[in-house]
Amino acid sequence: ISATAVRVDFVLYAEWEDMDTWEGALTLHFTKNDLTEQRYAKVNVYLQAERSRDDELNRTVQADIPLFALAFVLMSTFCACFLGKTASWTQSRRLLGVAEFYLVIFGCIAGYGAAMLLGVPFTVLHQILPFILVGIGIDDAFVICGAFDGTSKTMSYPERIEVAVQRVGVSITLTKLTSLASFLLGATCVFPAVQWFCYYAASSCFFIWLLHLTAFPALLALDARRAGADPPRLDPCACFAARSPCLPGVLPVGDANGQEAAPEESLLGKGLSMMIRFLTSHVAGIVVTILLFLAVAGIAAWQVSNGLGTDFDIMDLTPDQSFLRDFYNKEQEHFGGLSTGGLALPTNYYIRDVNFSTVEVQRSMEQVGAEMLALKSINGERGLKSWHTMFTLWANQYKGTSPSLPLEAFVAVDVNRDGCAAGLPNGITSCATHFLTGPTFPNAVIEFLWTSMGAQFDGDIHWEGNDISVIRLRATHVDTVSSEQQIESLEEAEKLTEKWQAALPGSFMNSGAYIFFDQYRIIVAQMTSSIGLCLGAVTVISALVLAHPLSVLIVIIVLGLVFVDLMGNIVLWDLDLNSISMINLVMAVGLVVDYSMHMAHNFSLQDGTLPRKRRAELAVREMGQPIFLGVSTTFLAILPLAFSSSQAFRVFFKMFFGIVVAGGAHGLIFLPVLLSLMGPSMDVETKTEVERIENLEALESNSEHSPKADKEGTFSA
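Let us look at the structure shown here.

**Here we look at the overall build of the protein chain**
Within the protein chain, the secondary structure is distributed over 22 helices and 8 strands. When burial is assessed residue by residue, the protein chain has 51% of its 717 residues classed as buried. Put simply, 75% of the contacts in the protein chain that link residues at least 6 apart link residues at least 24 apart. Here the protein chain displays about 32,600 Å² of accessible surface, and carbon together with sulfur accounts for 60% of that area.

**Description of the pattern of salt bridges**
Throughout the structure, instances matching the rule amount to 21 salt bridges. Ionic pairing is found between arginine 521 and glutamate 494, a salt bridge with its closest N-O pair at 2.7 Å. A residue pair is termed long-range when its members are at least 10 positions apart, and arginine 521 in helix 16 (residues 514-545) and glutamate 494 in helix 15 (residues 483-499) qualify at 27 residues. Put simply, glutamate 617 and arginine 614 hold a salt bridge, and the shortest N to O gap is 3.0 Å. Residue glutamate 617 and its partner arginine 614 are both found in helix 19 (residues 612-638); the two are separated by 3 residues, about one turn of the helix. Considered together, glutamate 617 and arginine 614 belong to a single accessibility category, that of buried residues. Put simply, Arg93, Asp149, Asp223 and Arg226 are held in one network by salt bridges that share partners.

**Remarks on the nonpolar core**
Ranked by size, the top nonpolar core spans 188 residues in total, and within it Trp387, Phe391, Met587 and Phe652 carry the most contacts. Filtering out sequence-adjacent residues up to four positions away, methionine 587 remains in contact with Leu129, Ile132, Leu133, Ile136, Phe183, Phe197, Ala201 and Phe656.

**A short note on the state of the cysteines**
Throughout the structure, instances matching the rule amount to 1 disulfide. Note that cysteine 420 is cross-linked by a disulfide to cysteine 431, the S-S spacing being 2.0 Å. Measuring handedness by torsion sign, the sulfur bridge of cysteine 420 and cysteine 431 sits at about 75 degrees and is right-handed. Note that cysteine 420 is positioned in the loop between strand 4 (410-412) and strand 5 (434-436) and cysteine 431 in the loop between strand 4 and strand 5, a separation of 11 residues in sequence.

**Quick look at the environment of valine 296**
When you line up the elements, valine 296 lands in helix 10 (residues 283-305). Overall, the relative accessible area of 42% leaves valine 296 in the partly exposed class. Between the C-alpha atom of valine 296 and that of glycine 568, which follows or precedes it by 272 residues, the distance is 9.1 Å.

**A closer look at a nonpolar patch on the surface**
Together, Val6, Val8, Phe10 and Trp22 give the surface a local cluster of nonpolar side chains, amounting to about 470 Å² of exposed area. With respect to the helices and strands, the residue tryptophan 22 is situated in helix 1 (residues 16-30). Tryptophan 22 sits in the partly exposed class, given a relative accessible area of 38%.

**Quick word on the packing of helix 6 (residues 157-186) against helix 8 (residues 215-228)**
Packing of helix 6 against helix 8 leaves a shortest axis separation of 10 Å and a crossing angle of 135 degrees. The angle between helix 6 and helix 8 places the two elements in the oblique class. Here helix 6 and helix 8 pass one another in a crossing that is right-handed. When helix 6 is examined against helix 8, the residues Tyr157, Pro158, Ile161 and Val165 are found in contact with a partner set consisting of Pro217, Leu220, Ala221, Ala224, Arg225 and Gly228. Residues that form the contact of helix 6 with helix 8 fall into these classes: 8 nonpolar, 1 polar and 1 charged.

**Here we look at the packing of aromatic side chains**
Tallying each qualifying case throughout the model produces 28 aromatic pairs. Judged by centre distance (5.3 Å) and plane angle (75 degrees), the ring pair of phenylalanine 206 and phenylalanine 207 falls under edge-to-face. Its end group placed over the ring of phenylalanine 148, arginine 160 keeps NZ or CZ at 4.1 Å from the ring centre.

Rules and cut-offs
Note that residues are indexed from 1 along each chain, following the sequence as it is written. Confidence filtering applies because this is a predicted model: local features only for residues at pLDDT of at least 70, side-chain atom pairs given and counted only at 80 or more, and all residues used for totals across whole chains, interfaces and linings. By convention in this description, side-chain values take in all heavy atoms of the structure and omit both hydrogens and water. Numbered from the N terminus, helices here are DSSP runs of H or I no shorter than four residues, and strands are runs of E no shorter than two. Exposure is judged per residue with a 1.4 Å probe applied to protein chains only, and the accessible area is read against the type maximum: over 50% gives exposed, under 20% gives buried, and values in between give partly exposed. Any two residues whose heavy atoms approach within 4.5 Å are treated as being in contact. Where accessible areas are quoted, they stem from the Shrake-Rupley method and a 1.4 Å probe; at the residue level, only the protein chains shown are allowed to cover. Between Lys or Arg on one side and Asp or Glu on the other, a salt bridge is scored when a side-chain nitrogen of the former is within 4 Å of a carboxyl oxygen of the latter. We call a set of buried Ala, Val, Leu, Ile, Met, Phe, Trp, Tyr and Cys residues a nonpolar core when their side-chain atoms join them within 4.5 Å. Throughout, disulfides are identified as pairs of cysteine sulfur atoms within 2.5 Å of each other. Here, patches come from residues exposed beyond 30% relative accessible area and free of salt bridges, joined within 9 Å for like charges and within 5 Å for nonpolar side chains (Val, Leu, Ile, Met, Phe, Trp, Tyr). Throughout, an axis means a line fitted to C-alpha atoms (over the contacting stretch in the case of helices), and angles, computed between N-to-C directions, take values from 0 to 180 degrees. Any angle from 65 to 115 degrees is called roughly perpendicular, while one under 35 is roughly parallel, one over 145 is roughly antiparallel, and all others are oblique. When the near helix sits turned anticlockwise from the far one by under a right angle, the crossing is termed left-handed; a clockwise turn instead gives a right-handed crossing. Three categories are distinguished: nonpolar for Ala, Val, Leu, Ile, Met, Phe, Trp, Tyr, Cys and Pro, charged for Asp, Glu, Lys and Arg, and polar for the others, with Gly belonging to the last. Paired rings are identified among Phe, Tyr and Trp, the last through its six-membered ring, by centres lying within 6.5 Å, and are further divided according to the angle between planes into stacked (under 30 degrees), edge-to-face (over 60) and tilted (the rest). A ring has a charge above it when a Lys NZ or an Arg CZ is no more than 6 Å from the ring centre and no more than 35 degrees off the ring normal.

Spelled out as structure tokens, the structure:
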């Protein structure tokens, strides 16, 4: 015996709960701690059941719960430490940082609830969404706090909140509106997984934006009252006053004349502004920086042009160590990837809602079976499994021997007719000479299925009462190892289906793996369409807010370069373009828009009389730190996913690693440098609609301006 493996399929006929229980018991018998356990000395057993995929998906999430908890701890700790002055016991915002983190979580809960209320299905991938949305949401808190810290402390807390929100509320609303539009447009994709993910993301994004422009400013005002009390209250123990002069930042600091001192600029803000000042100090620095980013994008485009894989392995959704992976590995080794369209993929041609007892339909079944077997993608050596061919041979052998096989019901047909030999078994070369027709046809088929010859075809015929409703003809695809070959197989099946619609209306050729083949075929077009729509939404919304068409053009250029880099990132990590990576690309819009739009909008708020280089530097001083901290928060959110037990979750880490690196670098370096070269000039008005908060240049020359003038709203640029 030369066989290396035997596959045994158990077909269950029982109530769903009973079958589920039986499958669970079978799985437990051959596994230990969810890994394959060999119980026999002379045979190795590997198994999968109908419920195995769901069980392993759930185990994937359960195994990563500690990583999710770690991510929440890292994000909340980071937010608590860096939302205010880290080293101060009174001017820090530790309690506010934790509250901000939970505001984002509450926004996610509200978004999930709204999506579920609307009937959007929930999948295991949606459990990753909060980590992504935390990165999108928390950077708004950093932006609001940065604007609040830049206001004059001579104003009341409500006035300072008002001015801060006036300063950054437009850009926050713009970025969230753009994210919402991008997610909703991403939901136009034909892939259900992408649609559902985008619906949950859009709903959650809306509530996060709402909380940041309502609840967070209120919490910020309360925290400011705590820090500005006399004496100030400790953070996070707000019930206790800070009286010791040893604690840093306990008392308000004034200058020698008793007037308000300039706010202390952070080291991070200084470093980022110095970097931009250095890069823009000479034309050579600007040119080199721009060429460097363009070169990276060019390399990424070249990598993508060499080929971008579109495969999808269902095992990516299971843990690395799993009895189901063991089964699929052995399946691939001995029989081929039957479930995902790797090797030896079975396929069927379905015929329905016709009178199967007529000669015309029976001849059509023979012909369609022969044409199916003749397809380039079908393995001719494995042959055609045709119940009709075997039934006709059996009926001709026993005609006239039973009431269901009366002689007068048989109609003579040409023994040399086209296609009749396709379904003949080995050893038989002659086709049947007669077809059974008439009302006894269904009864004869039932008798045939009860024979040893016909039992193998029991699953090929579906009955409605005593009539045949649907039948299938079975074949096997040739070995395929690439998505290109599998796309060709799908297209051949579609052409055969279309050809037979006139003779056999409603018939079709199908396999369980065709859904993956179709994804491989349309994923590039779907990705291009979705990203194009997202960029279109960014263009339209930006044009409504950014005051100059050139600003809109620059933002679109930045987003385009980032997406080229992200496509290169897919190749760099040896990933494939599939529904999971497409979800990441759509989600990237929300993050990259945050990184770029805040900077571009702040550039437009700077004094238009200043040179472009100075305005770019001031924009980085004001927005650089919040954007950098937002990038850092997103990185911390997805960092634990790098250690996930599932490849699918690790794909999220790899994709978002590219998003935060490429998006952050373009938002903090490339965009300011480009603005310093070709940023639009703004008309200067005596009184602006959005009150100008003192920028850091004004703070450096604070002695030349009185607090009274600042309070009246005359701000220096």
